[in-house]
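# Summary of the model geometry
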Amino acid sequence: MRVLIVNTSEKTGGAAVAANRLMEALINNGVKAKMLVGDKQTDEISVVPLPHKWAVKWHFLRERLSIFLRLHLQKKHLFEIDIANSGSDITRLPEFKEADVIHLNWINQGMLSLNNIRKIVKSGKPVVWTMHDLWAATGICHYARTCPSFRTGCHNCTLLPLHGSANDLSRQIWERKKRLYQGSNIHFVTCSRWLEDQAKQSALLSGQRITAIPNTIDTRIFCPIDKKEARLKAGLPAEGRIILFVSQKVTDERKGVVYFIDALNRLAEKHPEMKENTAVAVLGGCSEEVCQQLQMPSYPLGYVSDDSKIVSIYNSADVYVLPSLEDNLPNTIMEATACGVPSVAFRVGGIPEMIDHKRTGYLANFKDATDLAEGIRWTLNDADKNTLSAACIKKVAHNYSQQSVAMRYIEVYNELIALKRYII
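Residues numbered from 1 in each chain as written. Predicted model: local features only at pLDDT ≥ 70, side-chain atom pairs only at ≥ 80, totals over all residues. Heavy atoms only, no water.

### A closer look at the sheet that holds strand β12 (residues 343–346)
Threshold: Between any two strands, pairing holds if DSSP finds at least two bridges. Helix and strand assignments come from DSSP, with helices taken as H or I runs of at least 4 residues and strands as E runs of at least 2, each series counted from the N terminus. In this analysis an axis means a line fitted to C-alpha atoms, helices contributing only their contacting stretch, and an angle means the value between N-to-C directions, from 0 to 180 degrees.
Taken in spatial order, the six strands make up an open sheet running β10-β9-β8-β11-β12-β13, and their pairing is parallel. At either margin of the open sheet sits one strand with a lone partner, and together these are β10 (298–302) and β13 (361–364). For this sheet the average axis-to-axis angle between neighbouring strands, irrespective of direction, equals 20°. Inspection of the sheet shows β12 paired to β13 by four bridges, in the parallel sense.

Structure, rendered in structure tokens:
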């Protein structure tokens, strides 16, 4: 079986990380998998870049310009909206022609247009589309937040000037997606049961096949190592406790950094001794901005791409905190858990599927900085560290191992191939 995984980037972003890990899992389980990307960043031979790099940039700029004009030349929400009006035709590529299954992942920002996806569907090849967010089930947004419109038909979009209109950009793209999906051979996969439930509520995906399969992780890489050795490699203090926060861009509002700062400063004020025995490590872009607002000793680590150093940073931590306001199945929680580090997060999105409350971490009430602080305190002071760590490792082995996830995808692929042969 030959599978072509399609994703905008090879390495940047959670979807890229997940797609890479899936490719490796499939290869390790007998599937000939390749990855087609718009932005190739390594020399990995199983990853193929789109030809004509200038064209990839042009498609990106053309889409952003269209959105910028629709936003009345305002930058706010510029990268929260995708309309897929420009992209590359991949159906002529040899990698596409030789594939038995086309597996779409995150294909926004000029990778594929809706017309390109239509050509892929019309090729007759089975198509799997892994949803890393809700974009495939909405008009133009990736996360609906509290907006209910995707359940009936997007319109009056809050991301648009003056909250859009009855026939605004979100409605127009909604209608284009609706025509695309009618009679298509796409099998949608969500990374969490929460996103599966959201997708099934969308009028766009009514009657479509939707399956929940989690992301995978290589537990040979993300695994527990000696804490002292890890801190030495990560450049973090050997003594004391470390609280970790990780995001590609830590100031991203959706990752809840405001609540992270609030919770830690509450702890520092209520428990002054924490300023002496506890430090905070912040991994990701703009980490200095966050550290400047903390009342505890802090270490801005910036952006790190080397897996071995990232593993050292996770293993340096006593607790990982991610107060996302909306999230699907965060890779970072999976990575921390695989390293035996308990996580504290809000009870939102797909996160409750990843954290077993007071067994592998702590689920705080949504947008409650006081409860978030209590979760951090409980994990550091009250919980049995060895028991928590062992439960974390067991959770990952049972739910997110390469073999278990690969076999579930292979089952979907085989089902689609069999259906295609039956129809023919």
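Following the structure, the description resumes.
### As for the pattern of salt bridges
Threshold: One speaks of a salt bridge when a side-chain nitrogen belonging to Lys or Arg is within 4 Å of a carboxyl oxygen belonging to Asp or Glu. Partly exposed describes any residue whose relative accessible area lies between the buried limit of under 20% and the exposed limit of over 50%, with all areas from a 1.4 Å probe on protein chains only and scaled to the type maximum.
If you walk through the whole model with that rule in mind, you get 19 salt bridges. A salt bridge links arginine 266 to aspartate 262; the shortest N-O distance between them is 2.9 Å. Here arginine 266 pairs with aspartate 262, and both are found in helix α8 (residues 257–270), just four residues apart, close to one helical turn. The exposure class assigned to aspartate 262 is partly exposed, which follows from its relative accessible area of 31%. Measuring nitrogen to oxygen at the nearest pair gives 3.0 Å for the salt bridge that ties arginine 377 to glutamate 374. Of this pair, arginine 377 and glutamate 374 are both found in helix α13 (residues 369–382), three residues apart, which corresponds to roughly one turn of the helix. Overall, the relative accessible area of 17% leaves arginine 377 in the buried class. By relative accessible area, glutamate 374 is classed as partly exposed at 31%. Overlapping salt bridges, with partners in common, bring together Glu24, Asp218 and Arg220 in one network.

### Concerning α8
Which entries qualify depends on this criterion: Here, expected helix span is obtained from the residue count minus one, scaled by 1.5 Å. The contact criterion used throughout is that any non-hydrogen atoms of two residues lie within 4.5 Å.
Over its 14 residues, α8 extends 20 Å from the first C-alpha to the last, a length consistent with the 20 Å expected when each residue adds 1.5 Å. For α8, the set of buried residues is Val257, Phe260, Ile261, Ala263, Leu264, Asn265, Leu267 and Ala268. Close packing links the buried residues of α8 with β8 (241–249), α9 (274–277), β9 (278–285), α10 (287–291), β11 (319–322) and α13.

### Some points on the pairing of strand β1 (residues 2–9)
Applied cut-off: Note on handedness: a clockwise path from strand one over the helix to strand two, with the strands aimed away from the viewer, defines a right-handed crossover.
A large share of β1 lies buried, amounting to seven of its eight residues. Pairing between β1 and strand β2 (residues 32–39): seven bridges, direction parallel. Paired with valine 3 across the two strands is alanine 33, which belongs to β2. Chirality of the crossover, the property in question, places the unit of β1, helix α1 (residues 14–28) and β2 among those that are right-handed. The pairing of β1 with strand β4 (residues 101–104) spans four bridges and is classified as parallel. Counted as the bridge partner of valine 3 is valine 101 from β4.

### Topic: the packing of helix α12 (residues 331–338) against helix α14 (residues 385–399)
Just so we agree on the cut-off: Here is the rule for angles: anything less than 35 degrees is roughly parallel, anything more than 145 is roughly antiparallel, 65 through 115 is roughly perpendicular, and the remaining ranges are oblique.
The interhelical angle for the contact between α12 and α14, taken along N-to-C directions, is 120°, at an axis separation of 8 Å. Relative to α14, the element α12 lies oblique. Along the contact surface, α12 presents Met334, Thr337 and Ala338, while α14 presents Cys392, Ile393 and Val396.

### Some points on the sheet that holds strand β3 (residues 47–49)
Ordered by their spatial adjacency, seven strands build an open sheet running β3-β2-β1-β4-β5-β6-β7, and the pairing between neighbours is parallel. Each edge of the sheet is formed by a strand with only one pairing partner; in this case those strands are β3 and β7 (209–212). The sheet shows a mean angle of 25° between the axes of neighbouring strands, taken without regard to direction.

### Brief notes about the pairing of β11
Walk down a regular strand and you will see the side chains alternate between the two sheet faces. Side-chain alternation along β11 places Val319 and Val321 on one buried face and Tyr320 and Leu322 on a second face that is also buried. Considered for its hand, the β-α-β crossover made up of β11, α12 and β12 is right-handed.

### Focus: the side chain of arginine 64
This is how it is decided: Two N or O atoms count as a polar contact when they lie within 3.5 Å, although within protein this holds only if one can serve as hydrogen donor and the other as acceptor, and sequence-adjacent residues are included solely when both atoms are side-chain atoms.
Here arginine 64 is to be found in helix α2 (residues 53–70). Judged by its relative accessible area of 6%, arginine 64 falls in the buried class. In this structure the side chain of arginine 64 is engaged in a polar contact, spanning 2.5 Å, whose partner is the side chain of aspartate 82.

What is shown is where atoms sit, not what they do.
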